[in-house]
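Structural characterization, general
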Amino acid sequence: MSTFGEVVLRSLCVLIAFLVLPLLVGQTEHKLMAHMQGRLGPMYAGGFHGWAQLVADGVKFTQKEDIVPLAADKPVFRLAPALGIVSYLLALAVIPFGPHLVAAGITGSLLWVLAVGAIGTVGTLMAGWSSGNKYALIGGLRSAAQLVSYEVPLILAAASFAMAAGSFSLVSIAHAWTPWWLLWQLPGAIVFLVAGTAELQRPPFDMPVADSELVMGPWTEYTGLRFALFLLAEYAGIVVVSLVLAVLYLGGWTGPFDHQIGPFWVLLKGFFFAVIILWMRMSWPRLREDQLQRVAWLGLVPLALLQIVLTAAGVVLTT
Amino acid sequence: MTTYDIFFSILGVLCAASGLAAVTTRHLMHAALWLTVCLATLAGCYLVLGAELVALVQLLVYVGAIVVLVLFALMLTRAPIGRSHDHDTPLLQRAVALVIAGSAAVLLGAVLITGVRDGTVQVHGGSTNALARMLFTSWVWPFELLSLLLLIALVGALAMSRSLVPARATRRTGEDS
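The rules behind each value
Residues numbered from 1 in each chain as written. Chains lettered and ligands numbered in written order. Predicted model: local features only at pLDDT ≥ 70, side-chain atom pairs only at ≥ 80, totals over all residues. Heavy atoms only, no water. Helix = DSSP H or I, 4+ residues; strand = E, 2+ residues; numbered from the N terminus. Buried < 20%, exposed > 50% of the residue type's maximum accessible area, 1.4 Å probe, protein only. Areas by Shrake-Rupley, 256 points an atom, 1.4 Å probe, with all protein chains shown as cover. Salt bridge = Lys/Arg side-chain N within 4 Å of Asp/Glu carboxyl O. 1 Å grid on protein atoms, 1.4 Å probe; cavity = no way out; pocket = protein on both sides within 12 Å on 5 of 7 lines; lining within 4 Å. Points joined across faces, edges and corners; volume = space filled by probe spheres on them. Nonpolar A, V, L, I, M, F, W, Y, C, P; charged D, E, K, R; others polar. Patch = residues over 30% accessible without salt bridge, like charges linked within 9 Å, V, L, I, M, F, W, Y side chains within 5 Å. Contact = heavy atoms within 4.5 Å. Buried area = accessible area lost by both parts, 1.4 Å probe. Polar contact = N/O pair within 3.5 Å; in protein donor to acceptor, adjacent residues only side chain to side chain. Phe/Tyr/Trp six-rings, centres within 6.5 Å; stacked < 30°, edge-to-face > 60°. Expected span 1.5 Å × (residues − 1). Bend = angle between axes of the 7 residues up to and from the residue. pLDDT = per-residue confidence, 0-100.

Scanning chain B from N- to C-terminus turns up six helices and zero strands. In sequence order, the secondary structure elements of chain B are arranged as α-α-α-α-α-α. Within the span of chain B, comprising 177 residues, buried residues form 21% of the whole. Just so you have it, chain B exposes about 12,700 Å², and 73% of that area is on carbon and sulfur atoms.

All right, on to the pattern of salt bridges then. Two side chains that carry opposite charge are able to pair once their charged atoms sit near each other. All names here are of chain A. One pass over the full model with this rule turns up eight salt bridges over all chains. In this structure, the salt-bridge partner of Glu29 is Arg281, at a minimum N-O distance of 2.7 Å. On the criterion of sequence distance, the pair formed by Glu29 in helix α1 (residues 2-36) and Arg281 in helix α11 (residues 258-283) is long-range, its members being 252 residues apart. Linking Asp206 and Arg286 is a salt bridge whose minimum nitrogen-to-oxygen distance equals 2.9 Å. Pair noted here: Asp206 is in the loop between α8 (186-199) and α9 (211-214) and Arg286 is in the loop between α11 and α12 (289-318), with a separation of 80 residues, a long-range link. Exposure remark for Asp206: the relative accessible area of 9% places this residue in the buried category. Its relative accessible area of 29% is what places Arg286 among the partly exposed residues. One connected set of salt bridges, linked through shared partners, spans Glu29, Arg202, Glu234 and Arg281.

With that out of the way, let us pick up empty space enclosed by the protein. Residues and elements named next belong to chain A. In the structure shown here, the tally under the stated rule is one cavity of 30 Å³ or more. Each pocket or cavity is described by its volume, and for the largest cavity that value is around 460 Å³. Taken together, 27 residues line the largest cavity, and the ones lying closest to its centre are Tyr88, Gly117, Glu199, Leu200 and Gly237. Put simply, the parts of the chain that give the lining of the largest cavity at least two residues each are α3 (74-92), α4 (109-130), α5 (134-165), α8 and α10 (224-249). Looking at the lining of the largest cavity, its residues break down into 15 nonpolar, nine polar and three charged.

A contiguous nonpolar surface patch, about 580 Å² in accessible area, is contributed by Leu145(B), Leu148(B), Leu151(B), Ile152(B), Leu154(B) and Val155(B). Following the sequence through the fold, Val155(B) ends up in helix α6 (residues 140-163).

All names here are of chain B. Estimated volume of the second largest pocket: approximately 740 Å³. Taken together, 22 residues form the lining of the second largest pocket, with Leu20, Val23, Thr24, Thr89 and Arg94 sitting closest to its centre. Looking at the lining of the second largest pocket, the element that brings in the most residues is helix α4 (residues 91-115), giving nine residues.

This part is about the environment of Thr2(B). Position of Thr2(B) relative to the elements: it lies in the segment before α1 (3-24). For Thr2(B), a relative accessible area of 42% corresponds to the partly exposed category.

In this assembly, 28 residues from chain A lie in contact with 23 residues from chain B. Of the roughly 2,200 Å² buried at the junction of chain A and chain B (both faces included), carbon and sulfur atoms supply 84%. Looking only at chain A, the three residues that lose the most surface to chain B are Leu111(A), Trp129(A) and Leu141(A), adding up to 28% of its buried area. Inspection of the region where chain A meets chain B yields zero salt bridges. Here chain A is connected to chain B by three residue pairs in polar contact (both at pLDDT 80 or more).

Residues and elements named next belong to chain A. Checked against the element boundaries, Ser87 lands in helix α3. A distance of 3.0 Å separates the side chain of Ser87 from the backbone oxygen of Gly84, its partner in a polar contact. If we ignore the near neighbours within four places in the chain, the residues touching Ser87 are Val116, Ile119 and Gly120.

With that settled, the discussion passes to the packing of aromatic side chains. All names here are of chain A. This structure, assessed with the given rule, holds nine aromatic pairs over all chains. Taking the centre distance of 4.9 Å and the plane angle of 75° together, the rings of Tyr222 and Phe230 count as edge-to-face. Clustering of aromatic rings is evident, with ring pairs tying together Phe77, Trp219, Tyr222 and Phe230.

This paragraph deals with unusual backbone geometry. Residue and element names in this part refer to chain A. A cis geometry characterises the amide bond from Pro203 onward to Pro204, with omega recorded as 5°. Note on placement: Pro204 falls in the loop between α8 and α9. With phi around 55°, Gln201 is a residue other than glycine that occupies positive phi space. Turning to its location among the elements, Gln201 is positioned in the loop between α8 and α9. Here Gln201 falls in the buried class, since its relative accessible area comes to 6%. Located in the positive-phi region is Val215, a residue other than glycine, with phi close to 65°.

End to end, helix α3 (residues 52-77) of chain B covers 36 Å across 26 residues, agreeing with the expected 38 Å (1.5 Å per residue, within 8%). At Val67(B), α3(B) shows its strongest bend, of approximately 25°.

Taken residue by residue, chain A gives an average pLDDT of 86. The fraction at 70 or more is 100%. Looking at the elements of chain A, mean pLDDT is at its lowest for α9(A), recorded as 80, and at its highest for α8(A), recorded as 90.

Here's what the structure looks like:
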């Protein structure tokens, strides 16, 4: 019975992290964006600098009516938000916070993160199609085109880290990390960060949800809790991409006193990448559809291939 | 009966059922979505059998890329919500398909049952390391040839689509892949 209890405990920890960390990122976004734009942001909910704003938003979402449009394909429409949530929940379960502090220690965890991310993609497409709305359909189409394009450089960049460490396991990759990687794997890290942001459809890669032309893209028809689930999935995606990049490129828990405060280093490094992803949103205007494809195929893919050659040369020369 | 057996049976039944649903449903997009379920549960079967790499690659390639492309193509052309009879096949074709599928299943089942008549077969090579070793030693040439074939198909498809643009219609290049 103890193994069963352990499984429950580990799942519960992942669930708590899944519910807390995205809120933290969301609140950081509120405040960071406000201060970069010379305003205050949310200040009232909860008292101290509006810390409870997102909790209040969540309560608001649960109170709204859950509407399914008449023209929608009902079962698919209802199921779609769950897929995005499930995919990032599964991805979060394999991210190591220490040499032994990982909820599900599987050997191919890097591949696992990339593979379950695909489930969320299908969820977005289902949402776009099943809404029975032309804006949602166009948003879904744009999502599909974007996700397929950016999947290629993302996987190539991840492959470079796996080659450098000689393993698919995130724990082994973090163990194999040396400060030398900061220079050696820099192009791969840039590709991973940009392609990861694009996979999340965050600005400036938010052509699929371009609110000035497509209302809200694939999520146009969603209300209440289902819409909140899509938002939660987006911020959970930021958390997953940042933490994976922290483990791959910054060595995860490696740092001063890492025996005592290893998980803290992972969170701090992940937070660093999360802030960069938020900062990108605040600094750049939205890319047009053709510019998006150009960045992926003419910018990121050659850079990722170059990184693979660089990694292969490094691995062959040093071993 | 171990836990693995139970999981394998559940996933196998789900896989077969979703495959059946994919070919029988009259909703065009539902067929593609059932295909997704089918491919994902097949990945689950691989995972239960201990072939982790194959399972994850199956999920990554089929669900992440191929199904997304299928959905994209459907949404780009015609993806009606609700039943559609545009793609109904004649009764004869269905009967022939049923016979062929049934005989293929019987043949495969017969081979498997006669092949492993006396109990279990120990399989080595499902692990990531073993697979990688085989892929980069004895199977490296077939593997590289396959990727070359895919590249030729890719370039061929590109050439075909470019030559259909009116301005370039005179520059039709010969491709045979």
